[in-house]
Amino acid sequence: MIQISRLPYYGRQLLNWGVTACSVVVCTLILPTRLPGMELLGLGPNWLLIWVVAWSVKRSILQGAIAGLAIGLIQDGMTEPHPSHTLSLICVGILTAMMKKQRYVQEDFISVALIVFGMTAVAETVLALQFSLVGDRSLSQIWTEHQQIALSSAILSSLWAPILYYPLSVWWEKMNWIENNA
């Protein structure tokens, strides 16, 4: 068994980046998957949004914005680029980092689920605003659909958030501890 603390600095960094990148790839691959129990009104959890929240919850505003930008570009590459998911995920990264969760909310599944619920509503609202600027549908139709989509996505994403958040949080805390004590 390899002890991470015995790896050289660059080896630990490479391993950490690899685990982080693999988590993004897994989230990207399961995003379009609709397994039983993971679907509500034809929608599934927004795994990439959950990842941005998990990343941003204990990082700076700039790091949250960069994560939102990168993950948004990945999601735009999987879907039609209009409306862009990049803007909504940048907002999610910035707002989550601004919360400084570790100061105001204890570290537990419920707090992360609540943050994901709120950030999903924010992201879906940003997408609805972009749809309203296109002008191909009436505002009443856009906002009626927005309510259903935002609520369904927020419920599912918040319920599944701890499954992604917990292992990533433990990994990043372990790597941070190793770096501070190396």
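The structure presented is a predicted model; accordingly, all values stated were derived computationally and were not measured. (Residues numbered from 1 in each chain as written. Predicted model: local features only at pLDDT ≥ 70, side-chain atom pairs only at ≥ 80, totals over all residues. Heavy atoms only, no water.)

Visitor: Residues and numbers for the overall build of the protein chain, please.
Guide: Counting its secondary structure elements, the protein chain contains 7 helices and 0 strands. Taken across its 182 residues, the protein chain has 42% of its residues classed as buried. Long-range contacts, defined as pairs at least 24 residues apart, comprise 69% of the intrachain contacts of the protein chain with a sequence gap of at least 6. Just so you have it, the protein chain exposes about 10,300 Å², and 69% of that area is on carbon and sulfur atoms. Here the protein chain holds 10 positive side-chain charges and 10 negative ones, and the gap between their average locations is 15 Å. (Helix = DSSP H or I, 4+ residues; strand = E, 2+ residues; numbered from the N terminus. Buried < 20%, exposed > 50% of the residue type's maximum accessible area, 1.4 Å probe, protein only. Contact = heavy atoms within 4.5 Å. Areas by Shrake-Rupley, 256 points an atom, 1.4 Å probe, with all protein chains shown as cover. Lys, Arg positive; Asp, Glu negative; His and termini not counted. Charge placed at Lys NZ, Arg CZ, Asp CG, Glu CD.)

Visitor: Please give an account of the nonpolar core that cites residues and values.
Guide: Ranked by size, the top nonpolar core spans 32 residues in total, and within it Leu49 and Trp51 carry the most contacts. At the level of elements, α1 (9-30), α2 (47-56), α3 (61-78), α4 (85-99), α6 (109-134) and α7 (139-181) are the ones that each hand at least two residues to this core. In terms of residues, this core owes the most to one element, α2, which gives 9 residues. In contact with Leu49, other than residues within four places in its own chain, are Leu89, Val92, Val116, Met119, Thr120 and Ala123. (Core = buried A, V, L, I, M, F, W, Y, C linked by side-chain atoms within 4.5 Å.)

Visitor: Any details on the packing of α2 against α3? Residues and values, ideally.
Guide: Packing of α2 against α3 brings their axes to within 9 Å, and their N-to-C directions diverge by 165°. Considering their axes alone, α2 and α3 lie roughly antiparallel with respect to each other. In this structure, the crossing between α2 and α3 has a hand that is right-handed. Where α2 abuts α3, its residues Leu48, Trp51, Val52, Trp55 and Ser56 lie against Gln63, Gly64, Ala67, Gly68, Ile71 and Gln75. (Axes fitted to C-alpha atoms, helices over the stretch in contact; angles between N-to-C directions. Parallel < 35°, antiparallel > 145°, perpendicular 65-115°, else oblique. Left-handed = near helix turned anticlockwise from the far one by under 90°.)

Visitor: Give a description of the state of the cysteines that names residues and reports values.
Guide: One pass over the structure, following the stated rule, counts 0 disulfides. In this structure Cys22 is not part of a disulfide, and its nearest cysteine sulfur, from Cys27, lies 11 Å away. (Disulfide = S-S within 2.5 Å.)

Visitor: Give me the side chain of Asn16: which residues, what numbers.
Guide: Its place among the elements puts Asn16 in helix α1. Of the polar contacts made by the side chain of Asn16, one reaches the side chain of Trp171; its length is 2.8 Å. Excluding its chain neighbours within four sequence positions, the residues that come into contact with Asn16 are Trp171, Trp172 and Met175. (Polar contact = N/O pair within 3.5 Å; in protein donor to acceptor, adjacent residues only side chain to side chain.)

Visitor: Go over the UniProt feature "transmembrane region" (unreviewed entry) in the protein chain with me, naming the residues and quoting the values.
Guide: As annotated by UniProt and renumbered to match this structure, "transmembrane region" (unreviewed entry) occupies residues 14-35, 109-129 and 149-168. End-to-end, the C-alpha atoms of residues 14-35 are 33 Å apart, and along that stretch the chain is 77% helix and 0% strand. (UniProt positions renumbered as here; feature names shortened; annotations may be inferred.)

Visitor: Mind laying out the pattern of salt bridges, listing which residues take part and the relevant values?
Guide: Across all of its chains, the model carries 2 salt bridges by this definition. A salt bridge links Glu179 to Arg12, with the nearest nitrogen and oxygen atoms 2.7 Å apart. With Glu179 in helix α7 and Arg12 in helix α1, this residue pair connects regions lying 167 residues apart in the sequence. Classification of Arg12 as buried rests on a relative accessible area of 7%. Across the salt bridge formed by Lys58 and Glu173, the nearest N and O atoms sit 2.8 Å from each other. In this pair, Lys58 sits in the loop between α2 and α3 while Glu173 sits in helix α7, placing the two residues 115 residues apart along the sequence. Note on Glu173: relative accessible area 39%, which makes it partly exposed. (Salt bridge = Lys/Arg side-chain N within 4 Å of Asp/Glu carboxyl O.)

Visitor: A description of the side chain of Ser152 should follow, citing residues and the corresponding values.
Guide: Following the sequence through the fold, Ser152 ends up in helix α7. Discounting residues that sit within four places of it in the chain, Ser152 has contacts with Leu40, Leu41 and Leu43.

Visitor: Can you break down α4 residue by residue, with the values?
Guide: For α4, built from 15 residues, the straight-helix expectation of 21 Å at 1.5 Å per residue is met to within 8% by its first-to-last C-alpha distance of 21 Å. Within the sequence span of α4, burial applies to His85, Thr86, Ser88, Leu89, Val92, Gly93, Thr96 and Ala97. Seen from one end, α4 has its buried residues packed into an arc of 165°, which puts them on one side. Buried-residue contacts for α4 involve α2, α3 and α6. Two or three places before Thr86, at the start of α4, stands the capping residue Ser84, its side-chain oxygen 3.1 Å from that residue's backbone nitrogen. (Expected span 1.5 Å × (residues − 1). Arc of directions from axis to C-beta.)

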